[in-house]
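Working through the structure, step by step
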Amino acid sequence: GFQPLGIAIEGSMFVVADYFGPAFVVGTIAMEDGVPRLDDLTRVAGTIPRRDTARMFPNVLASMGVNRMQAVIIYNNSHLGITRNDDKEIFDIKLRSDGAWEHVSVSHPHSGGIGVITSAVWTHDGLVTIEDDRNGDHVCRDYREPELKEHKVPANRYGIDIRKRDKAIFTIADSRGD
C-alpha cells in the first residue's frame, strides 16, 4: 500500500512522500469546475546517488535496512529535499534531463537539529522545520533569520506551512481515531 506522510505544495506542483516506499509521487493539481484534478502523476521509487540507482537514499541508515520516507521540501520544480525517519539529514536531489532524480552533493546548513525532521517547508526566506526527539517532544525550528528561533509545538503536529501575507507559521495536526 501507500502511506502518504510528507506533503509539499508549491504553486500547482505537489509532492507526496510514501513512508513505506520509500518513494514519492510528484504531480500537478488544477481546479476544473471547482473540483481539484491531479495530473502528470509520477511515482519515483529510486534515485541515483553515485552511478547506480538506489531505492531512494544513498546509503542504508539502520542495520535492518529500513529507510522510511519522512518529509519532502520543494525548492523548485526540479530540485527537492527529502528526509527519512531516524535521520537528521536533508538529502538534496535534482531532476536530470533523462527524467531520473540524482543526489547532489550539498552540505545542507540545516541538517542536524534535535532529532528527526518530520516536516519542513522552504520559502525564499529560508527553511522552517518540525523536529522531534525520542521523548516525543516536537520543536518548530525557524532558520529564516540569522539567529535560529525555536519553540515547542503540541504532539501530533506533523505538517507545517507559512502564511505568505505575514510569514506566520502554522502547524497541522495529525488526528487519529482509537
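Here, every reference points to the structure presented above.
Here goes a summary of the coordinates provided.

About the thresholds
- Residues numbered from 1 in each chain as written.
- Predicted model: local features only at pLDDT ≥ 70, side-chain atom pairs only at ≥ 80, totals over all residues.
- Heavy atoms only, no water.
- Pairing = 2+ DSSP bridges.
- Helix = DSSP H or I, 4+ residues; strand = E, 2+ residues; numbered from the N terminus.
- Axes fitted to C-alpha atoms, helices over the stretch in contact; angles between N-to-C directions.
- Contact = heavy atoms within 4.5 Å.
- Phe/Tyr/Trp six-rings, centres within 6.5 Å; stacked < 30°, edge-to-face > 60°.
- Buried < 20%, exposed > 50% of the residue type's maximum accessible area, 1.4 Å probe, protein only.

Observations regarding the sheet that holds strand E7 (residues 91-95)
Taken in spatial order, the four strands line up as E5-E6-E7-E8 in an open sheet, and their pairing is antiparallel. Either end of the sheet is taken by a strand with one partner, and the two such strands are strand E5 (69-76) and strand E8 (101-103). With strand direction ignored, the average angle separating the axes of adjacent strands in the sheet is 30°. Examined bridge by bridge, E7 and E8 share three bridges and lie antiparallel to one another. Bridge pairing in E8 places Lys94 opposite Glu102.

With respect to the environment of Pro4
Examined against the element boundaries, Pro4 turns out to sit in strand E1 (residues 4-10). As for Pro4 and Asp18, which are separated by 14 residues in sequence, their C-alpha atoms are 4.8 Å apart. For Pro4, the residues in contact, after removing those within four places along its chain, are Val16 and Ala17.

Details of the packing of aromatic side chains
Under the counting rule described, the total for this entry stands at three aromatic pairs. Centre to centre, the rings of Phe24 and Trp101 are 5.7 Å apart; their planes meet at 80°, and the pair counts as edge-to-face. Residue Phe24 is found in strand E3 (residues 23-32), and its partner Trp101 is found in strand E8; the two are separated by 77 residues along the sequence. For Trp101, a relative accessible area of 5% gives the class buried.

A look at the sheet that holds strand E4 (residues 35-44)
Spatial ordering of the open sheet is given by E1-E2-E3-E4, a layout of four strands whose pairing is antiparallel. Both edges of this open sheet fall to E1 and E4, since each of them pairs with a single strand only. For this sheet, the mean angle separating the axes of adjacent strands, direction not counted, is 25°. Here E3 pairs with E4 via eight bridges, running antiparallel. Bridging from a neighbouring strand, Glu32 pairs with Val35 of E4.

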